[in-house]
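Structural features, examined
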Amino acid sequence: MKTFCGRANPTTGALDWVEESEEYDYHQEIARSSYADMLHDKDRNEKYFLGIRAAVRRVKSRGQQAVVLDIGTGTGLLSMMAVSAGADYCYALEVFKPMADAAVRIVEKNGFRDKIKIINKHSTEVTVGPEGDMQSRANILVTELFDTELIGEGALPSYEHAHKNLVQTDCEAVPHRATVYAQLVESERLWSWARLLPLRVGGHEVVPNPEETSCAGAPTVCDIQLSQVPPTHFHPLSQVLPMYRVDFSRPVSSSPERLTARFPALGSGSAQVVLSWWDMDMDPEGTIICSMAPSWTLPNPENFPWRDHWMQCVYFLPVEMHVTEGEMVRLTLCHDDYSLWYNIQPDSQEGGDSEPPISRPLCTCQAHMVWTRPRFGELNDPKRTDRYVEALKTIVRPDSVCLSVSDGSLLPIFAHILGAHKVLAANDLTGTIQVLESHPQQLTSNSLGDEQVSVLIGEPYFTTSLLPWHSLYFWYSRTVLSGRLCDDVTLLPQSASLCMAPMEFKSSLHFRESREAEPHPLWEYPCRALAEPLEVMTFDFRQRVPEEVVKSEGSVTLSRKGRCHGVALWMDYHLTDDISVSTGLTQPPNQQGDCEWSPHRKQAVYFFSSPWESAGDDASSVTYSLAFQPATGDIIMEFIPGPSRHTTSA
């Protein structure tokens, strides 16, 4: 089977789709997906087993054989649980062939071949009868078709079809039911992810255009680890409300639906965001509960079961609405067969029967089609903006010809406000600057109006960047543009540093293993640095990209006690000699090693094959070997934990 894989190309700024050969180990793609996180989710597995065992006992108590239908079996784990709990037979459906093949081998190896049939079909294609895929309808329905939003993987239409065609009318279902909860809040931090907000630049206010301020925003849910958003970062305007409940043991409808909760506002503020999660009852009595509630809702947060495959949801309201404490408010949840969305209205008597449309909100300003939620947060970050403005003030002159090389950047506007003679933007989406609709390597003297660029600026940010060093495309652009630059051209940033820190992860990330770095938003994952951050490689943008490989080797001593699961890597950009911005740590780790990470960019993590125990006595270290490949823009890297021999730096 041939596989297409996306590969960021830092030399061109493009995302290249590469056709891998039949020898490509696509099993690694599966291993890095949510399968491993699910399989290591102890709480999920225990609750499913208890629910399945209880369902089998209920069926057996009625004098019936327990015949299980497992839709989306994956590795076959839930089917094997069912047989272990006493089920007589199990039909396990898996539409993804590589996973279905793996399930066959796993089932056989565990001795369940005679009682579990793996069917490599979508559930809607399965037939029932003497000559069909299933000999008879099942009386126990087991599924794990749920995502962070509950219904985003097509759970509703799958259940709808199964009840009509594959299971008996009195079937047991595991899970038995699910409930979606919501809380209305005001949050400056989260709202900054919803749209572009006004900014102050050198005494001027930069205001978004009306199309952006009136846009309903992106229709997709924002899924994050809400446990990592402390309650001090939002102001609750409602209690936690049960908004939507679905009973999986009865016929399910995937038809669009509108549900409304009426409540008095808990406090005064701007209703901006809905925080949402769901619980599953694994049995009819609701004694076996698998909850996705964030840790700060629990009486004992330290017992919170960390998950990475199921998180929590943030929904941005189409418009923010001011509410007053005690005012009656209507929060409306709408859903179709794959998604949820929310709206809000005052619960006034006048027009009280009017309801918001059931159609999904859609982006009309185009910005939400280009910028991600974290990117909106980055552009709205006033501290970050101030750093760029302060740096620009030191280099922009009335006769400056500025060229910006970044995607969707506000830097050209800042340069214009600060008095640059001419501002050009390549690879940019701003509307008040002369936009050059071409890549830097395609620019000609005519494109630049026969002028030489005196100031080359970039954040840098590119939509195709997956790993921190992919933004080195700015360096390649600077090299390609050398003939268009003044001899004394000023660059912002003038250089960059690749930084690393050995890490202990307290979350499911430590179950991972990789032979190369992976992108992760580390602000969402509790972790500790077991050593102080170290600059391991530098890139001087004032010089052209070198032709030969650049190497860096050394080691960092583990000065804190803990289990070292791998290393985190990120880029620091040096705008001037004394002004820098980081895509990683926002401040040095504290004495215990706790870290605060930038929420705007993903960092890279290189995981060891097995964790290394550090006693915190400088007896252990991580040796690193890095090689920057100018021809491809890649960084070949290797990190090896072990006993300390010596400590050096790049």
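Residues numbered from 1 in each chain as written. Predicted model: local features only at pLDDT ≥ 70, side-chain atom pairs only at ≥ 80, totals over all residues. Heavy atoms only, no water.

1. What to know about the overall build of the chain
Applicable threshold: Under the DSSP-based scheme used, a helix requires at least four consecutive residues in state H or I and a strand at least two consecutive residues in state E, with every element numbered from the N terminus. Exposure categories follow from relative accessible area, calculated using a 1.4 Å probe and restricted to protein chains: below 20% of the type maximum is buried, above 50% is exposed, and the middle band is partly exposed. Whether two residues are in contact is decided by their heavy atoms: any pair within 4.5 Å suffices. All accessible areas in this document rest on Shrake-Rupley with a 1.4 Å probe, and a residue is counted as covered only by the protein chains that are shown.
Check the secondary structure of the chain and you find 13 helices and 34 strands. Per-residue burial over the chain gives 56% buried out of 650 residues. The long-range fraction of contacts in the chain, counting pairs at least 24 apart against all pairs at least 6 apart in sequence, stands at 74%. Of the accessible surface of the chain, which amounts to about 28200 Å², a share of 49% is contributed by carbon and sulfur atoms.

2. Side note on the sheet that holds strand β33 (residues 620–629)
Using the following cut-off: Strands are labelled as partners when DSSP assigns at least two bridges between them. Only the contacting stretch of a helix is used when fitting its axis, a line to C-alpha atoms as for every element, and angles between N-to-C directions run 0 to 180 degrees.
As summarised here, the arrangement of the three strands in space is β29-β33-β34, forming an open sheet in which the pairing is antiparallel. The open sheet has two free edges, formed respectively by β29 (550–557) and β34 (634–643), since each of these has just one partner strand. Across the sheet, the axes of successive neighbouring strands diverge by a mean angle of 15°, strand direction being ignored.

3. Examining the pattern of salt bridges
Which entries qualify depends on this criterion: By definition, a salt bridge exists where a carboxyl oxygen of Asp or Glu is found within 4 Å of a side-chain nitrogen of Lys or Arg.
Scanning the entire structure with this criterion turns up 26 salt bridges. A salt bridge links R44 to E144, with the shortest nitrogen-to-oxygen separation between them at 3.3 Å. One end of the pair, R44, is in helix α3 (residues 42–61); the other, E144, is in the loop between β6 (138–143) and α6 (155–165), and 100 residues separate them in sequence. Here the two residues R44 and E144 agree in accessibility, since each one is buried. A salt bridge links R601 to E378; the shortest N-O distance between them is 2.8 Å. Separated by 223 residues along the polypeptide, R601 in the loop between β31 (580–582) and β32 (603–615) and E378 in helix α10 (residues 373–379) bring together distant segments of the chain.

4. Some remarks on empty space enclosed by the protein
How we decide: Each cavity reported here is a set of points on a 1 Å grid over the protein atoms alone in which a 1.4 Å probe fits but cannot get out, each pocket an open set with protein on both sides within 12 Å along at least five of seven lines, and each lining residue one with an atom within 4 Å of a point. Grid points are joined across faces, edges and corners, and a volume is the space filled by probe spheres set on the points.
Across all of its chains, the model carries three cavities of 30 Å³ or more by this definition. Computed from the structure, the largest cavity encloses a volume of approximately 170 Å³. Mapped onto the lining of the largest cavity, the elements with two or more residues apiece are β17 (312–323) and β19 (340–346). Tallying contributions element by element places β17 first for the lining of the largest cavity, with five residues. Counted as a void, the second largest cavity has a volume near 70 Å³. Around the second largest cavity sit L379, R384, T385, Y388, S409, L410, L411, F414 and E459, which together line it. When contributions to the lining of the second largest cavity are tallied by element, the ones reaching two or more residues are α11 (382–393) and α12 (411–417). The dominant element in the lining of the second largest cavity, judged by the number of residues it contributes, is α11, at three residues.

5. So, the layout of surface pockets
Here the idea is plain: a probe the size of a water molecule rolls over the atoms and shows the empty space left. The cut-off we apply is this: Residue classes follow a fixed rule: Ala, Val, Leu, Ile, Met, Phe, Trp, Tyr, Cys and Pro count as nonpolar, while Asp, Glu, Lys and Arg count as charged, and any other residue, Gly among them, counts as polar.
Of the pockets and cavities examined, the second largest pocket occupies roughly 1400 Å³. Every residue lining the second largest pocket is counted, 47 residues in all, and those nearest its centre are D381, T586, W597, S598 and P599. Elements with a minimum of two residues in the lining of the second largest pocket: α7 (188–191), α10, α11, β30 (561–574) and β31. Each residue belonging to the lining of the second largest pocket can be placed in one class, and the counts come to 21 nonpolar, 13 polar and 13 charged.

6. Looking at unusual backbone geometry
A cis amide bond, omega 5°, links V174 with the succeeding residue P175. Topologically, P175 is positioned in the loop between β7 (167–174) and β8 (177–186). At the junction of E459 and P460, the peptide bond is cis and its omega measures out at -15° in the coordinates. Non-glycine residue L150 carries a positive phi angle of around 80°. Positionally, L150 belongs in the loop between β6 and α6.

7. Things to note about the sheet that holds strand β5 (residues 116–119)
With respect to topology, five strands assemble into an open sheet ordered β5-β4-β3-β6-β7, the strand pairing being parallel. A strand with exactly one partner marks an edge of an open sheet, and here the two such strands are β5 and β7. Taken over all neighbouring pairs, the strand axes of this sheet differ in orientation by 25° on average, direction set aside.

8. Topic: the environment of E524
Relative to the helices and strands, E524 resides in the loop between β26 (518–520) and β27 (527–529). For E524 and L226, which are 298 residues apart along the polypeptide, the C-alpha to C-alpha distance reads 8.1 Å.

9. Let's talk about the packing of α3 against helix α4 (residues 77–84)
For clarity, the cut-off: Roughly parallel means an angle under 35 degrees; roughly antiparallel means over 145; roughly perpendicular covers 65 to 115; every other angle is labelled oblique. Two helices that cross are described as forming a left-handed crossing if the nearer one is turned anticlockwise from the farther one by less than a right angle, and a right-handed crossing if clockwise.
Across the interface, α3 lies against α4 with an axial gap of 9 Å and an inter-helix angle of 45°. In terms of axis orientation, α3 runs oblique to α4. When you trace α3 past α4, the crossing you get is right-handed. Facing R44, N45, Y48, F49, I52 and V56 of α3, the residues of α4 in contact are L77, L78, M81 and A82. Residue composition of the contact of α3 with α4, grouped by class: eight nonpolar, one polar and one charged.

10. Observations regarding the environment of F539
Here F539 shows up in strand β28 (residues 534–540). Assessed through its relative accessible area of 2%, F539 is described here as buried. Sequence separation between F539 and Y573 is 34 residues; the distance between their C-alpha atoms is 9.5 Å.

11. What to know about helix α13 (residues 473–480)
By the criterion of burial, α13 is predominantly enclosed, with six of the eight residues buried. The secondary structure elements touched by the buried residues of α13 are β20 (401–405), β23 (453–457), β24 (485–492), β28 and β33.

12. Some remarks on the packing of aromatic side chains
Quick reminder of the rule: Two rings belonging to Phe, Tyr or Trp (six-membered ring only in the last case) form a pair when the distance between their centres is within 6.5 Å. Interplanar angles under 30 degrees mark stacking, angles over 60 mark edge-to-face geometry, and anything in between is tilted.
Considering all chains together, one arrives at 22 aromatic pairs under this definition. Ring centres of Y89 and Y91 lie 5.0 Å apart, and the angle between their planes is 65°; on these two criteria the pair is classed as edge-to-face. According to the relative accessible area criterion, Y89 is partly exposed, its value standing at 25%. Relative to F248, the ring of F146 lies with its centre 5.5 Å away and its plane at 40°, an arrangement referred to as tilted.

13. With respect to the pairing of strand β18 (residues 328–335)
β18 sits mainly inside the fold: seven of its eight residues count as buried. Bridge analysis of β18 against β19 gives seven bridges, and the strand direction is antiparallel. Within the sheet, the bridge partner assigned to L333 lies in β19 and is Y342. Here β18 folds back onto β19, and the loop between the two strands holds four residues.

14. Structural notes on the environment of E172
Stated precisely, the cut-off is as follows: Contacts described as polar in this section are N or O atom pairs within 3.5 Å, which, within protein, must combine one atom able to donate a hydrogen with one able to accept it, while residues neighboring in sequence count only if both atoms come from side chains.
The residue E172 is located in strand β7 in this model. In this structure E172 comes out as buried when scored by relative accessible area, which is 9%. In this structure, the C-alpha to C-alpha distance between E172 and R250, residues 78 residues apart in sequence, is 8.8 Å. Residues in contact with E172, not counting those within four places in the same chain, are A55, R58, V59, R62, N139, I140, L141 and P284. Engagement of the side chain of E172 in a polar contact is seen with the side chain of R58, the distance being 3.0 Å.

15. A few points about the confidence of the model for the chain
Note the following rule: Values of pLDDT, which run from 0 to 100, indicate the predictor's confidence residue by residue.
Here the chain shows a mean pLDDT of 90. Residues at 70 or above account for 88%. This model gives residues 428–432 a pLDDT under 50, and the stretch forms 15 contacts once residues within four places in sequence are excluded.

16. Some words on the nonpolar core
So the rule is basically this: Joining through side-chain atoms within 4.5 Å is the link that ties buried Ala, Val, Leu, Ile, Met, Phe, Trp, Tyr and Cys residues into a set, and such a set is a nonpolar core.
By size, the foremost hydrophobic cluster in this structure holds 117 residues, and its most contacted members are Y48, I52, L69, F146, Y342 and W597. With residues up to four places along the chain from it excluded, the contact list for W597 reads M503, L522, W523, C527, A568, W570, G584, L585, T586 and Q603.

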